[in-house]
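Residue-level structural notes
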Amino acid sequence: MALIQQSSPHAHKARPTSRVMLWVILAVLPGLLAQTLFFGWGNLINVIWCVALAMSTEAAILKMRNKPIGFFLRDNTAAVTGLLLGLSLPQLAPWWVSGVAVITAIVVAKQLYGGLGSNPFNPAMVGYALVLVSFPVAMTTNWAQPATLWAGAPGLSETLSTIFSASQTAIDGWTMATPLDEYKHKIATHTAAEVLQHPTFGDQVARGWEWVNLAFLLGGLILIGLKIITWHVPVAFLAGVGIMSLAFGSNADQYAPLQLHLLAGGTMLGAFFIATDPVSAATSHQGKLIYGACIGILIYLIRTWGNYPDAVAFSVLLMNFAVPFIDHYTPPRTYGHHKSRRGLPSKNGAKS
């Protein structure tokens, strides 16, 4: 039998984009389940609405561009964009806010740049940032108060009625400031012990939020174990937040403590599912470490001294700007070479 000889390096079987995105969808399910159990039906309704609208919008744009609709929809990237927005937006945000976010993400941030693989910015975060600066009231007053699905959370029909009504804000009794927002605005005039008496913090780190973040952490570890993503961006991201918090936030009577930064906002969702976007993130392992660390540092700076209590979206988008620069100076090593080439080659062939 004739043997086929192939030169090295030997590439493993290619992993289709659709399968990678399917694993991402499966990995966020623990986080979505925790959000539903501890904050009611809002995120689940948002996810269904955002995914359906994202795929419909992508199909309409592909039709206008004379592109094969089924071929591109089957890569599941539009569904992931809608999914991430549904998980990130306030639980009781009105339908038109999430609609604007989804359409902006698909049309402006993805398709106008040429579609999958050509977008320099994370589409979901572009949509999120747009509605955050355009509709600040709707984006800050519709976070559901922590209440379990079996005791205290609004029912499915009540949540549907709230989200799909024309009102910009939900009923006061169903909403509450997020832990990071509450801490940020109260710590200037209260001690940490007084601030933590607020019901949003509960008996542990942040009522309900800690379980949501741990569930997203579990999903992220599954993705790393399956080699869907590498550890570099999430570890550097969390290290950036942690080092800044330990360096500047050791006094809980002045700044939010480390456990709140890690478990009371969108940190784990951002570290494992948003910053790791393979299109808009840095390419090499060294570049991913720089990219992730800078996102973590920016998150701490904006949360502590800026106007936004969470800051994941803006930090990711700011670092998306820097990715070409990072990639330029941190290219991966070419197979067969001892060192990677950095910078542009000079006229005589030497590295610049």
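Everything in this summary refers to the structure shown in the same document. (Residues numbered from 1 in each chain as written. Predicted model: local features only at pLDDT ≥ 70, side-chain atom pairs only at ≥ 80, totals over all residues. Heavy atoms only, no water.)

Counted according to the given criterion, the structure contains three salt bridges. Among the ionic pairs, E58 bridges to K110, the shortest N-O distance being 3.1 Å. One end of the pair, E58, is in helix α3 (residues 42-64); the other, K110, is in the loop between α6 (95-108) and α7 (123-134), and 52 residues separate them in sequence. The same class applies to E58 as to K110, namely buried. The partner of E182 in a salt bridge is K186, with the nearest N and O atoms 2.6 Å apart. Of this pair, E182 and K186 are both found in helix α10 (residues 179-186), four residues apart, which corresponds to roughly one turn of the helix. The buried category is assigned to E182, whose relative accessible area is 10%. (Salt bridge = Lys/Arg side-chain N within 4 Å of Asp/Glu carboxyl O. Helix = DSSP H or I, 4+ residues; strand = E, 2+ residues; numbered from the N terminus. Buried < 20%, exposed > 50% of the residue type's maximum accessible area, 1.4 Å probe, protein only.)

Turning our eyes to something else, we now look at the environment of A239. With respect to the helices and strands, A239 occurs in helix α13 (residues 232-248). A239 gets classed as partly exposed once you look at its relative accessible area, which sits at 32%. When the C-alpha atoms of A239 and I297 are compared, they prove to be 8.7 Å apart, with 58 residues separating the residues in sequence.

On to the side chain of S98. If you trace the backbone, S98 turns up in helix α6. Here W49 takes part through its side chain, which lies 3.0 Å from a polar atom of the side chain of S98. Of the polar contacts made by the side chain of S98, one reaches the backbone oxygen of W95; its length is 3.0 Å. If near-sequence neighbours (up to four positions away) are discounted, S98 is found in contact with W49, C50 and L89. (Polar contact = N/O pair within 3.5 Å; in protein donor to acceptor, adjacent residues only side chain to side chain. Contact = heavy atoms within 4.5 Å.)

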